[in-house]
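As a plain string of letters, each chain reads:
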Amino acid sequence: MKKRRPDLVSPTERLRLGLLRRVSQFFERIPIKVRFAGLFLLFVFAATALLDMNLTRVATAEYREGDIARRTVVAPDDFTAPDVIETDRKRRAARTATPPIFIFDESVVESSIQDLRTQWKSWEDQTAKPGSNNTSVAWPVPGGAEAAAVLVQRGLNHRDLESLERLLERPPDEYVFNDSDAAHLSTKLVLISKGAPGMRHEIDQLTTALRPLSSVRRNLQEQITRLPGWTAAEVNAVFPALSSLVRPSLVYDPVTTESAIRLAEAAIAPAFISLKRNQLLIREGEIVTTQTLPQLAAVNEYERKKRPWHHLAGLLAIVAALFWIAWKFVEHRSAAVSLQMTPRRVYALVGSAIVMQTLFMRFGFTIADLTAAQSTRFPLTDPSIWGYGIPMAAAALLVALLVDSKLAFLTGLVTALFAGLLASNGIHMTFYAIISSSVAIYGIGRYRDRQSVTIAGLLVGVINALMAIAIVAFEQRPLNLRTVLWCMLFGIIGGLLTSVFTAGGLPINESVFGILTDVKLLELSNADLPVLGQMALRAPGTNQHSHAVGQLCEEACRAIGANSLLARIGALYHDIGKLGAPEYFVENQHGHNPHDKLRPSNSARIITSHVTYGLKLAKEIGLPQKIADFIPQHHGTRTLHFFLRKAQVAARPGEVVDEADFRYLGPKPQFKEAAIMMIADSCEAGARSLAHPDPENVSLIVNKIVDAIVTDGQLNECDLNLRELTLIRESMVSSLAAIYHARVDYPGFNPPSQDSLRVVPDGTLDTEERGISYRTAAEVPINASGEVEDEAVVRDVPAEPRPVRSKVK
């Protein structure tokens, strides 16, 4: 089946819009008061958690003796805290004092000698058998085969056995340990008897013969070489096997030793420090000593883990009060000024901006503190210097560009107070953040291009650099060239990061909150967008009409101070519903009027349906709600009187014609730009229908249309006043007179004869030349609601011809 029209959105965009609609529908099921209360509590708890997280700004416990204090520290309260440093020192001393434990095997020498004797007896038995030879004997030790062959060849002399046994014997006060256990030796050793585990005794390394296994084996090799009657070859053959019988009598026991160390540490009672509230522990710039270091560690531990709950409750109350003040300010501001969104939606934007700004600051100050703690050269050891690089004005700039400068200042004020709670230099950072936010808010104009965000960031960076230097001077810290350069660098970085975070947040917030910035509006005016391309292709008359109406609206909005860009872009989309049946609207017709052959009720249904179809199309392409509102509101609840009258005339006796079938569904214009759109839409259609659109005729038709719209009550629901309505009339007259001013003939050109005049020009002429033209404003079919119903005029009746005008202005 052939499609009626091409797809106006991509599959990816269709999926995105579908997801947004489902999420929106889910939240719409929740009562609005419940949603608002949940949002308020979410903001309060999130901000409180960020301001009260267990992330210390200065790691006091990481101070070492001789370090310079980076801030003045006083005791926050009367408290007794464990002296972590002293307790650790005592436990380390206990660990060091705990002697290592070795397993002592008293029978290791006797066991080695017995192994030699057993093997010797085995060789004697093997060689006593008839037919045995020296190659059949064995010794299951390293090098045992060669050693056994040598001993058997020597005749297994018992004097040799006794000599070897004497070599294996050790003095009773000599202890042999593995070389790998040498690292565990200490001045004192605890020995546990292998044969009797319950027996323990302690030895002193200084008074006890402790020999490593390698040394004993080297000594064994020297003793073998001194045996009488042994050749060098025999010594070399016997030594490897005999040395394997020399075994350590001491073996380190890591499990038992570690258990003893844990018991010794557990026996150490924790040390405590008692501090009094506001007790001065150390001043900024002083040297950390062995006396102050435990106190600093105690305060750090108290702030991290022992913070009283009433502190958290107080912070929660303060944050809740600030967010409540923010809500009341938003409510008051929304009543005083017409904003693009509802007060609750504006508050959601402001609150989320504050929370995200607090998150950035929390992260930034944490990084600044940790980096300063690792630095060794001033001024990089000061965390406030690093803090100047935090984008303090990002939230305020975002709100200023999306909503309102007054609300942006409120946002900047709240985030500045939070910065003072987070920063190490408190109130000074609050001043820094307020000034930075103020420059971001009032340093730029309207948000008409993405470049304005970059310009704002650069301006903020310059002011940040100057303010950072001013604060350093105010705090009476050393103001040398190095400090000035670092302050300027971090201040400029803060401004550039402000641009980065704001630019990243703008499209997200535009989409989430449905905000129409000037940049978004300009993007919607792109003629390459599918729906505008289809308008130009399938409904050229409507497309030209939309551009003309946009021009009229723009000038009228400028006259009364309304949003001219919003009105112009709204005009481009206000008649997109005519894409459903463009040939049924007079601006797209080429002499033939299909309504001449339709029943009036059907004609009215087709004409009014362009509103419902336009809304459906707007939803399909994801048109912002503010733009979509122009589609129904520019017609309001007006009635197609001429079609209604035709239906009443053609009705059979007793047939009732329902006026609702000939009325637009509305609503009436709800804001100034929509009201101007209603007036401009009718005025442009009326002026285009005039054969002689001179200023007098244009003025008459504009006044006639405006009076009809006002009389019909179509402007009752918007906030236009009489002065503004007068300015709109004047703007419409001057704009239409400029657009449809009379053309002059070429000099010397002879006008055509009356016979060559045509009643209805064909499609080769411009759209503004098509349709029926009327000599005076009184002849234009304007109904009682201010609608120009050209479609209701029967074209079969020739209208009075009008001269063909030259195209030269």
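Going by the structure above, here's the rest.
Now for a description of the structure that goes with this document. Keep in mind it's a predicted model, so treat the numbers as computed, not measured.

### Side note on the packing of aromatic side chains
The geometry of two aromatic rings is summed up by the distance between their centres and the angle between their planes.
Moving on, step 1. Counted under the stated rule, the structure contains 14 aromatic pairs.
Moving on, step 2. Measuring from ring centre to ring centre gives 4.6 Å for Phe36 and Trp327, while their planes differ by 55 degrees; the resulting arrangement is tilted. Of the two residues, Phe36 is situated in helix α2 (residues 32–51) and Trp327 in helix α11 (residues 309–336); the sequence distance between them amounts to 291 residues.
Moving on, step 3. In this structure an aromatic cluster arises from ring pairing among Phe36, Phe43, Phe323, Trp327 and Tyr347.
Moving on, step 4. Lying across the ring of Trp230, Arg154 places its NZ or CZ 4.3 Å from the centre.
Moving on, step 5. Here the guanidinium or amino end of Arg344 rests over the ring plane of Phe36, the centre of that ring lying 5.4 Å away.

### A look at the pattern of salt bridges
Moving on, step 1. Per the counting criterion, the structure on display carries 23 salt bridges.
Moving on, step 2. With a closest N to O distance of 2.5 Å, Arg89 and Glu86 form a salt bridge. Taken together, the residues Arg89 and Glu86, both in helix α3 (residues 84–97) and three residues apart, mark about one turn of the helix.
Moving on, step 3. Across the pair Arg688 and Glu684 runs a salt bridge whose closest N-O atoms are separated by 3.4 Å. In this pair, Arg688 and Glu684 both sit in helix α27 (residues 672–688), four residues apart, roughly one turn of the helix.
Moving on, step 4. For Arg688, a relative accessible area of 14% translates into the label buried.

### A closer look at helix α7 (residues 213–225)
One full turn of an α-helix is made of 3.6 residues, so residues set three or four places apart face in the same direction.
Moving on, step 1. Between its first and last C-alpha atoms α7 spans 19 Å; for 13 residues at 1.5 Å apiece the expected length is 18 Å, and the two agree.
Moving on, step 2. Of the residues making up α7, those classed as buried are Leu213, Ser215, Val216, Asn219, Leu220 and Ile224.
Moving on, step 3. Where α7 is buried, its residues contact α6 (158–168), β4 (174–177), β7 (209–212) and α8 (232–243).

### Brief notes about helix α17 (residues 451–474)
Moving on, step 1. The end-to-end C-alpha distance of α17 is 35 Å, a good match for the 34 Å that 24 residues give at a rise of 1.5 Å each.
Moving on, step 2. When α17 is considered as a whole, its buried residues turn out to be Ser452, Val453, Ala456, Gly457, Val460, Gly461, Asn464, Ala465, Ala468, Ile469, Ile471 and Val472.
Moving on, step 3. A positive backbone phi angle near 60 degrees is found at Gln476, which sits one or two residues after α17.

### With respect to unusual backbone geometry
Moving on, step 1. Following Gly666, the chain continues to Pro667 via a peptide bond in cis, the omega torsion being 10 degrees.
Moving on, step 2. Inspection of the secondary structure puts Pro667 in the loop between α26 (641–650) and α27.
Moving on, step 3. Of note, Asn278 is a non-glycine position whose phi angle comes to about 65 degrees, a positive value.
Moving on, step 4. Along the chain, Asn278 turns up in the loop between β9 (272–275) and β10 (280–282).
Moving on, step 5. In this structure Asn278 comes out as exposed when scored by relative accessible area, which is 56%.

Conventions used here
- Residues numbered from 1 in each chain as written.
- Predicted model: local features only at pLDDT ≥ 70, side-chain atom pairs only at ≥ 80, totals over all residues.
- Heavy atoms only, no water.
- Phe/Tyr/Trp six-rings, centres within 6.5 Å; stacked < 30°, edge-to-face > 60°.
- Helix = DSSP H or I, 4+ residues; strand = E, 2+ residues; numbered from the N terminus.
- Lys NZ or Arg CZ within 6 Å of the ring centre and 35° of its normal.
- Salt bridge = Lys/Arg side-chain N within 4 Å of Asp/Glu carboxyl O.
- Buried < 20%, exposed > 50% of the residue type's maximum accessible area, 1.4 Å probe, protein only.
- Expected span 1.5 Å × (residues − 1).
- Contact = heavy atoms within 4.5 Å.

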